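Listed here are the chains, written in short residue letters.
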Amino acid sequence: MTMKAGLYISEKKVMAGQIEVPDLQPGEALIKVAFAGICGTDMMIYAGKHPRAKAPLAMGHEFSGRIERLQGDSDWAVGDRVVIEPTLSCGKCEACLAGASHVCKTLKLIGIDKDGGFAEYVAVPFDRLHRIPEGLSDAHAALAEPVAIAVHTVRRSNLKVGDHVVVLGAGPIGLLTGMIAKQAGAGQVLISDISSYRLAKAEQLGLTALNAKEVNVTEEILKRTGGNGAEVVFEVAGNQITAKQMIETVKTQGQIVVVSVFKQAPAIDLAAMHYREISLTTTRCCSKSDFAKAINLLHSGAIDVAPLISHELQLEQIEEGFHLMENPDVSIKVLFHP
Ligand SMILES: NC(=O)c1ccc[n+]([C@@H]2O[C@H](COP(=O)([O-])OP(=O)(O)OC[C@H]3O[C@@H](n4cnc5c(N)ncnc54)[C@H](O)[C@@H]3O)[C@@H](O)[C@H]2O)c1
Ligand SMILES: [Zn+2]
Ligand SMILES: [Zn+2]
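If you're wondering where the values come from, they're calculated on a predicted model, not measured in any experiment.

**Examining the domain arrangement of the protein**
Then, in step 1: Each assigned domain of the protein is listed here: domain 1 (2-143 + 305-336) and domain 2 (148-282).
Then, in step 2: Placing a centre on the C-alpha atoms of domain 1 and another on those of domain 2 gives a separation of 28 Å.
Then, in step 3: In total, about 1,200 Å² of surface goes out of reach between domain 1 and domain 2, with carbon and sulfur atoms giving 69% of it.
Then, in step 4: The tally of links from domain 1 across to domain 2 stands at zero salt bridges.
Then, in step 5: Joining domain 1 to domain 2, the criterion identifies five residue pairs in polar contact (both at pLDDT 80 or more).
Then, in step 6: When the residues that make up the side of domain 1 that touches domain 2 are grouped by side-chain class, the tally is seven nonpolar, three polar and two charged.

**Comments concerning the sheet that holds strand E11 (residues 164-168)**
Then, in step 1: Strand order in the open sheet formed by six strands is E13-E12-E11-E14-E15-E16, and the pairing between neighbours is parallel. Each edge of the open sheet is held by one strand with a lone partner, namely strand E13 (208-211) and strand E16 (279-282). The mean angle between the axes of side-by-side strands here comes to 20°, regardless of whether they run parallel or antiparallel.
Then, in step 2: Pairing of E11 with strand E14 (residues 230-235), which is carried by four bridges, proceeds in the parallel orientation. For Val165, the partnering residue across the bridge sits in E14 and is Val232.
Then, in step 3: Sitting on the sheet, helix H8 (residues 240-248) is in contact with E11, E14, strand E15 (250-258) and E16, with an inclination near 145° to E15.

**Quick notes on the packing of aromatic side chains**
Then, in step 1: Here the structure, examined in full by the defined rule, presents three aromatic pairs.
Then, in step 2: Centroid distance Phe118 to Phe322: 6.3 Å. Interplanar angle 75°. Geometry classified as edge-to-face. Here Phe118 is found in the loop between strand E8 (108-109) and strand E9 (121-125), whereas its partner Phe322 is found in helix H11 (residues 318-326), with 204 residues between them in sequence. Phe322 carries the same exposure label as Phe118, and that label is buried.
Then, in step 3: Pairwise contacts between aromatic rings join Tyr46, Phe118, Phe322 and Phe336 into one cluster.
Then, in step 4: Taking the ring centre of Tyr121 as reference, the NZ or CZ of Lys32 above it sits at 5.5 Å.

**Observations regarding a nonpolar patch on the surface**
Then, in step 1: Together, Ile268, Leu270 and Leu280 give the surface a local cluster of nonpolar side chains, amounting to about 260 Å² of exposed area.
Then, in step 2: Looking at the secondary structure, you find Ile268 in the loop between E15 and helix H9 (270-275).

**Things to note about the site of ligand 1**
Then, in step 1: Residues in contact with ligand 1 amount to 21 residues; listed here are only the nearest, Ile173, Asp193, Arg198, Thr283 and Cys285.
Then, in step 2: At 3.2 Å from an oxygen atom of ligand 1 is found a main-chain nitrogen or oxygen belonging to Pro172.
Then, in step 3: Cys285 places a polar main-chain atom, nitrogen or oxygen, 2.7 Å from an oxygen atom of ligand 1.
Then, in step 4: If ligand 1 stood free it would expose 860 Å²; the protein chains cover 83% of that surface.
Then, in step 5: Mapped onto the shell around ligand 1, the elements with two or more residues apiece are helix H5 (172-183), strand E12 (188-193) and H8.
Then, in step 6: Along the lines of polarity and charge, the residues of the shell around ligand 1 split into eleven nonpolar, seven polar and three charged.

**Side note on the coordination of the zinc ion (ligand 3)**
Then, in step 1: Every protein donor of the zinc ion (ligand 3) is accounted for by Cys90 (SG), Cys93 (SG), Cys96 (SG) and Cys104 (SG), and the metal-donor separations fall at 2.3 to 2.4 Å.
Then, in step 2: Seen from the zinc ion (ligand 3), its four donor atoms lie at angles of 104 to 119°, and the figure they make is tetrahedral.

Reading guide: rules and limits
- Residues numbered from 1 in each chain as written.
- Chains lettered and ligands numbered in written order.
- Predicted model: local features only at pLDDT ≥ 70, side-chain atom pairs only at ≥ 80, totals over all residues.
- Heavy atoms only, no water.
- Domains from an automatic or database assignment.
- Buried area = accessible area lost by both parts, 1.4 Å probe.
- Salt bridge = Lys/Arg side-chain N within 4 Å of Asp/Glu carboxyl O.
- Polar contact = N/O pair within 3.5 Å; in protein donor to acceptor, adjacent residues only side chain to side chain.
- Nonpolar A, V, L, I, M, F, W, Y, C, P; charged D, E, K, R; others polar.
- Pairing = 2+ DSSP bridges.
- Helix = DSSP H or I, 4+ residues; strand = E, 2+ residues; numbered from the N terminus.
- Axes fitted to C-alpha atoms, helices over the stretch in contact; angles between N-to-C directions.
- Contact = heavy atoms within 4.5 Å.
- Phe/Tyr/Trp six-rings, centres within 6.5 Å; stacked < 30°, edge-to-face > 60°.
- Buried < 20%, exposed > 50% of the residue type's maximum accessible area, 1.4 Å probe, protein only.
- Lys NZ or Arg CZ within 6 Å of the ring centre and 35° of its normal.
- Patch = residues over 30% accessible without salt bridge, like charges linked within 9 Å, V, L, I, M, F, W, Y side chains within 5 Å.
- Areas by Shrake-Rupley, 256 points an atom, 1.4 Å probe, with all protein chains shown as cover.
- Near = heavy atom within 4 Å.
- Donors = N, O, S within 2.8 Å, 3.2 Å for Na, K, Ca; no water.
- Tetrahedral: all angles 85-135°; square planar, octahedral: opposite > 155°, others 65-115°.

The following block contains the structure:
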């Protein structure tokens, strides 16, 4: 039996097509996808720059849905509403044995290493399923993964109540990091971008927007932090300009958290960091408990992702979805509703 899928074909080429409905292995559930979001990683696959993605691929690792079929014993039932934690770890490497399976030596993702949520159905191991609580919509639950990235990011920081926080880059991950930092008690969250559309969203979400096209971001941040810089700077734009700004805008003995996946290795002034005892922390994916916390924040209403969902499209509109995501002045999060 075949199903509809949104496929990566080759560099800058995506299309709606038909692929086989996946067979279930023991311990897997067949998920009927409700909503699936386009992420920066999907954009990297689309650009032909992802080292692991092999065409043709149904992309999409941020998705929610309903259990259609089960293979093997579990507490799950057909009809349960679920959101998928997309990481697949080996369970045997040192990181996995130490309980840090999100940094598994051979970490794989549904939607990158195997077909994902831009399709009618996906086969998902039971332990990658999280229940969607009553009252949380399928569309909002589809953003649990990027929320969990932001939860993990903020939990990796030393953020304390009342701290000044800087977020460089107001894409979906930057905006969510700013929102979670605020929840965690940040005194003020200054967020920069070059897109006035995304900065307007930031203001709507209670963050203080700095337009890098209009102001000198470093000067502005120093001015707004008593000349000292911020206790915590999150780098979420991933370019040479922000790699420089992250050092200029962090306080002496402060912390930089690099969230971005840099496409080109940036030059980093380690001497400037040494003089002021700056720490640098990196962050990757999230743990299972971060994912559960993200669902809690969505369910309680502490984090409202509605303003981040810029478009809801059908899988047939996959080309349009990727064109929209290429332009940060018109989109933040595009969801497909297969
Ligand atoms: N650590 C992880 O596990 C993890 C998970 C998801 C995404 N990421 C990475 O996080 C980064 C952000 O993800 P995203 O989905 O929000 O991407 P995105 O591309 O939508 O966001 C980046 C933002 O930076 C802005 N920007 C560009 N130049 C800038 C400048 N000079 N100053 C300020 N802003 C500038 C862009 O306009 C854009 O809004 C990416 O590098 C992505 O790969 C990391
Ligand atoms: Zn993602
Ligand atoms: Zn492992």
